[in-house]
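Fold and geometry: a report
Next come the chains, spelled out residue by residue.
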Amino acid sequence: MFLQRLKLFFTSITILGTIFLVYSIYNTHKFKTSDLDEKTKNRITHKILYLQSLAYKKFGIKRKIPIKVSNKMPSNLFGAATLNQKGEIVIFLNKKRFKESVDYMIDDVLPHEYAHALMFVFGDVSKENGGHSKKWQDICLALEGKRCNRFVDYNDVIFDKTNLF
Ligand SMILES: [Zn+2]
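Residues numbered from 1 in each chain as written. Predicted model: local features only at pLDDT ≥ 70, side-chain atom pairs only at ≥ 80, totals over all residues. Heavy atoms only, no water.

**Details of the coordination of the zinc ion**
The zinc ion binds to the protein through His 112 (NE2), His 116 (NE2), His 132 (NE2), Asp 156 (OD) and Asp 156 (OD); the donor distances cover 2.0 to 2.5 Å. When the donors of the zinc ion are listed by position in the chain, the intervening gaps give H-x3-H-x15-H-x23-D. Taken together, the positions of His 132 in the loop between helix 4 (102-121) and helix 5 (134-142) and Asp 156 in the loop between helix 5 and strand 4 (157-159) put the pair 24 residues apart, joining distant regions of the chain. Neither residue differs from the other here; His 132 and Asp 156 are each classed as buried. (Donors = N, O, S within 2.8 Å, 3.2 Å for Na, K, Ca; no water. Helix = DSSP H or I, 4+ residues; strand = E, 2+ residues; numbered from the N terminus. Buried < 20%, exposed > 50% of the residue type's maximum accessible area, 1.4 Å probe, protein only.)

So, in structure tokens, the structure goes:
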């Protein structure tokens, strides 16, 4: 009787452990493959509209910049602004990084990359300080970026490729 109970006890623990493991794997996998949640997607959309309105109000720019959330970007990159030879501009945001901080991605990274994109619109393809020139900083601040630090070591300005990620 005692042995049977002990056996039942260990069987239950094994089953619970397996369920927990499967659940953990499922959650990790779900984040990698599924879309961002609706709330985050709405926040991104609102921010894009706001950045578009600032670009128009402060610089007279009406152009809409496509923004793609990608899970194919290297983990060390939060975002990137790309320009190809046809003059197409695309901003990428790293989906993996949304897991850590949605606020950071939306309030810091997005205006930072949007400022790079506007530099392209202005025809300024300066590689000074990895694209983080004084002019870039002024645009970033005008877009109400939270941190428009010029001395970052991001290699987030990419030329001649747009379907990179
Ligand atoms: Zn940058």
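**Some details on the pattern of salt bridges**
As enumerated under the stated definition, the model contains 9 salt bridges in all. With a closest N to O distance of 2.9 Å, Arg 147 and Asp 108 form a salt bridge. One end of the pair, Arg 147, is in the loop between helix 5 and strand 4; the other, Asp 108, is in helix 4, and 39 residues separate them in sequence. On the basis of relative accessible area, Arg 147 is assigned to the exposed category, the value being 53%. Using a relative accessible area of 7% as the deciding quantity, one classes Asp 108 as buried. Taken together, the salt bridges that share partners define one network made up of Lys 47, Asp 107 and Lys 146. (Salt bridge = Lys/Arg side-chain N within 4 Å of Asp/Glu carboxyl O.)

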